[in-house]
Amino acid sequence: MTAPLPANPLLEPSARPLPRHVGVIGAGAIGPDIAYYLKTALPALSVTLIDIRQAAIDAALARLREYADKAVTRGKLKPEAAEEVLANLHGSTDYDALATCDWVIEAATENLALKHRIFADTEARIGDDAVLTSNTSSLPAARLFSNLRRPERATVTHFFAPAWRNPVVEVIDWPRADRALIVWLRHFFCATGKLPLITRDVPCFMLDRVFDNWCNEAALLLDGASAAEIDSVAQEFVHAGPFFVLNLAHGNPIIVETNTLQADAEGEHYRPAPILRSVERWVTPAPKQPADVTPEKRACIRERLLGVLLSQSVDILDRGIGEAADLDLGCRVALGFKQGPLELMRELGDAQSSRMLARFAQERPGMPMPQRALGTYQPSASDLLVDAIDSVKIITLRRPEALNALHDQMTDQILGVIRRHEDDPAVTGFVIVGYGTKAFCAGADIGRFPSLLGNASAAAQYARDCSRLLVHLDAMRKPVIAALNGMALGGGFELALRCHARVAQRSAWMQLPEVTLGILPGIGAMVVPYRRWPNAAPVFHAMLARAARLSARSASAIGVVDDLADDFDALIRLAVARVHALAGRLEPMAQGRVVVPPLDVAEARTADGRMLSASIIGLIAAAVRDAAAAPTLAAALEVGYRAFGAAACTAAAREGIAAFLEHREPDFGPTG
Ligand code: NAD
């Protein structure tokens, strides 16, 4: 039996090195975007685009230059970096140019016979160690790779448009693929900023089963409503309606192709709506101008769309096509759903969901129905991955769309995992790390805070409520280590501070940006660092009052970070070793008063010169002083919660939060 894959792809190092030369076959809509992703992730990589049409290659290379130019204009790439992205990027109509590739990604026209020919031509040219993957939207790996000489080096890697920006990639784990291939692909994608989701080898895999059937259902509804009406109703659930997206992606032929495949394999209920063959463009307004829809019509459309969504979701989980948390995350991130279908199901409740599914079963006979109680389809922890190494639970915060920022549900999930295992003698302790390579945790969602502005006691209570995980950590007997693999901001830094030790990659950094929003960090940052590292008070003063950044190296110099690591593997090794070293030796945090020098600020500006609020800095200074003088840790934390409540009643907080929501710089001049 092969070992299961770790939930966090970076936890299993891959012996295979990074690719040096990648071939992308097909320079149509998506192939060049895949090439651009590869070149921006690994600028030194050589990429060769292959197409049978020179015009397609010329257009693709011109498009990639436009992308790079735009990135420079927007300040996202330096001109030298853009040149590096465009260097070693070639096009060719000759498959011989693939000979030195260590990975070939096929993204040519969706047609099985054509793809068979392409793979035969490619395998005849590449070396034995080269990897071969297909970007097919629908064709199972078993059908695509059955004729290969070495099928174990091949699988499907299914990107989503626009592939240079959309992080999701389905990686198909089919029976004949080498386990090492799947490990390498997931590791590679995760390490280069993508979100790989493991999917079973069925027609259309996981996410296109949702998307294609959502679009097909919309097309079937056209006998009773217009495309504009259907899109407008759909916008309750998605950022853009199905017809708007089909127009954007020239998607009608793809839905015909993919739904025909599903119908042939699984039944007539999947047959594509005939109208998809005869219409090229749909008449539908932009998402910001929804059409008027009568309440009766709205209800009918809404029920059918929800029906297909719930039906597909339960089928995906009943057949083990994908994981529940991946389904929700993939629908949000790859397909633009506002909530995942399982989140929607939870919100609708079992009774409503069952009623809708029953109605859908009547209207669309043959469509899949749940095989078990609806409650059992929910993921156990939608925003976390949990692995185990050497009796240590590794908790990965996974909210890639928000740089792993905390929200109430995620906080409860972390607490849930800890509570479930902390009394288990087989578990020595816990490590908390962020998903991917950029962020440990980018803070806490703004959540309910805007509705609490002006209400000191409710805001203070909110801070107390948000502290439930941190207060639990204070009282734990088993160690919890923060493994900082990137930025740790605001609430994320406060979480790391409360862990029993911190290890960090050298590239990690920490910051308390609350003061730039006209608020303050109320769940420990004005208290805990001064009790743990009193000698470094000036550093924490600057972080709190000026939003100064703290690099991992500086954090290590003052003792905030216990060990520094060169890379992710070393980080996890150090974190696990720390858990073992601290097991049975945890020391409670200082309870009594601490001596802290006054927090005096000459000018209300950030370390890099942005204007701040003097009144908020005054509240921070007072809270730091009062918390240091508090006789117990609990009393000191209470000072922080109340200061958070007081900050919520300032004009500065109103301005700061309004500016944040309106994506503008705050003006603290008038607010003081
Ligand atoms: P496309 O029609 O825009 O481009 C296909 C390209 O393949 C064309 O430029 C064509 O000339 C080229 N081609 C055809 N035969 C070839 C051959 N023998 N050798 C080399 N090149 C050849 O298609 P697309 O939308 O870019 O899709 C490509 C693949 O990716 C399909 O399998 C599709 O299902 C899949 N896919 C597309 C998207 C998307 O958003 N476009 C998303 C996910 C997956």
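Right above here is the structure, for reference.
What this report covers is the structure whose coordinates are included nearby. No experiment lies behind these values; they were computed from the predicted model shown.

## A word on the overall build of the protein chain
Next, step 1: When helices and strands are tallied, the protein chain shows 27 helices and 18 strands.
Next, step 2: The C-alpha radius of gyration computed for the protein chain amounts to 27 Å, which stays within 12% of the reference 26 Å derived for 672 residues, consistent with globular compactness.
Next, step 3: When the backbone C-alpha atoms are referred to their principal axes, the protein chain occupies close to 75 × 60 × 55 Å.
Next, step 4: A burial count over the protein chain gives 56% of its 672 residues as buried.
Next, step 5: Pairs at least 24 apart in sequence give 75% of the contacts found in the protein chain among residues at least 6 apart.
Next, step 6: Just so you have it, the protein chain exposes about 27,200 Å², and 54% of that area is on carbon and sulfur atoms.
Next, step 7: Counting 69 positive and 76 negative side-chain charges, the protein chain places the centres of these two groups 3 Å from one another.

## A look at the packing of helix H8 (residues 227–234) against helix H9 (residues 242–249)
Next, step 1: At a minimum axis separation of 7 Å, H8 and H9 run at an interaxial angle of 110 degrees. As the angle between them shows, H8 and H9 are arranged roughly perpendicular. Contacts between H8 and H9 involve Ala 227, Ile 230, Asp 231 and Ala 234 from the first element and Pro 242, Phe 243 and Phe 244 from the second.
Next, step 2: Partitioned by chemical class, the residues of the contact of H8 with H9 number 6 nonpolar, no polar and 1 charged.

## As for the packing of aromatic side chains
Next, step 1: Applying the stated criterion across every chain yields a total of 18 aromatic pairs.
Next, step 2: When the centroid spacing of 6.5 Å and the interplanar angle of 35 degrees are considered together, the rings of Tyr 37 and Phe 189 count as tilted. A residue pair is termed long-range when its members are at least 10 positions apart, and Tyr 37 in helix H1 (residues 31–41) and Phe 189 in helix H6 (residues 179–191) qualify at 152 residues. For the pair Tyr 37 and Phe 189, a shared accessibility class is recorded, and that class is buried.
Next, step 3: Relative to Trp 184, the ring of Trp 103 lies with its centre 5.3 Å away and its plane at 75 degrees, an arrangement referred to as edge-to-face. With Trp 103 in strand E4 (residues 103–106) and Trp 184 in helix H6, this pair connects stretches of sequence that are 81 residues apart. Comparing Trp 103 with Trp 184 shows no difference in burial state: the two are buried.
Next, step 4: Among the aromatic residues, ring-to-ring pairing joins Tyr 37, Trp 103, Phe 159, Trp 184, Phe 188 and Phe 189 into one connected group.
Next, step 5: The ring of Tyr 270 is capped by Arg 209, whose NZ or CZ atom sits 5.8 Å from the centre of that ring.

## Looking at the site of the ligand
Next, step 1: Of all residues adjacent to the ligand, which total 24 residues, the nearest are Asp 51, Tyr 95, Glu 110, Lys 115 and Ser 137.
Next, step 2: The contact in question runs from an oxygen atom of the ligand to an N or O atom on the side chain of Glu 110, over 2.5 Å.
Next, step 3: At 2.7 Å from an oxygen atom of the ligand is found a side-chain nitrogen or oxygen belonging to Lys 115.
Next, step 4: Relative to its free-state accessible area of 820 Å², the ligand is covered by the protein chains to the extent of 83%.
Next, step 5: A breakdown of the residues in the shell around the ligand according to their chemical character gives 13 nonpolar, 7 polar and 4 charged.

## What about the environment of Ala 647?
Next, step 1: With respect to the element layout, Ala 647 can be found in helix H26 (residues 633–647).
Next, step 2: Residues Ala 647 and Leu 619 lie 28 residues apart in sequence; the distance between their C-alpha atoms is 7.1 Å.
Next, step 3: Setting aside residues up to four positions removed in sequence, Ala 647 forms contacts with Leu 520, Ile 616, Leu 619 and Ala 653.

## Topic: the sheet that holds strand E11 (residues 429–434)
Whenever strands of a sheet pair, they do so through backbone hydrogen bonds, lying parallel or antiparallel.
Next, step 1: Taking strand neighbours across the sheet as the criterion, the 6 strands line up as E9-E10-E11-E13-E15-E18 in an open arrangement whose pairing is mixed. Of all the strands in the sheet, just strand E9 (384–389) and strand E18 (563–565) have a single pairing partner and so form its edges. Each adjacent strand pair in this sheet contributes to an overall mean axis angle of 25 degrees, direction not counted.
Next, step 2: Relative to the sheet, helix H20 (residues 491–498) contacts strand E10 (392–397), E11, strand E13 (480–484) and strand E15 (501–505), its axis offset from that of E15 by approximately 125 degrees.
Next, step 3: Across the sheet, helix H24 (residues 568–582) is in contact with E9, E10, E11, E13, E15 and E18; its angle to E15 comes to roughly 165 degrees.

Procedures and definitions
- Residues numbered from 1 in each chain as written.
- Predicted model: local features only at pLDDT ≥ 70, side-chain atom pairs only at ≥ 80, totals over all residues.
- Heavy atoms only, no water.
- Helix = DSSP H or I, 4+ residues; strand = E, 2+ residues; numbered from the N terminus.
- Rg over C-alpha atoms; globule rule 2.2 N^0.38 Å.
- Buried < 20%, exposed > 50% of the residue type's maximum accessible area, 1.4 Å probe, protein only.
- Contact = heavy atoms within 4.5 Å.
- Areas by Shrake-Rupley, 256 points an atom, 1.4 Å probe, with all protein chains shown as cover.
- Lys, Arg positive; Asp, Glu negative; His and termini not counted.
- Charge placed at Lys NZ, Arg CZ, Asp CG, Glu CD.
- Axes fitted to C-alpha atoms, helices over the stretch in contact; angles between N-to-C directions.
- Parallel < 35°, antiparallel > 145°, perpendicular 65-115°, else oblique.
- Nonpolar A, V, L, I, M, F, W, Y, C, P; charged D, E, K, R; others polar.
- Phe/Tyr/Trp six-rings, centres within 6.5 Å; stacked < 30°, edge-to-face > 60°.
- Lys NZ or Arg CZ within 6 Å of the ring centre and 35° of its normal.
- Near = heavy atom within 4 Å.
- Polar contact = N/O pair within 3.5 Å; in protein donor to acceptor, adjacent residues only side chain to side chain.
- Pairing = 2+ DSSP bridges.

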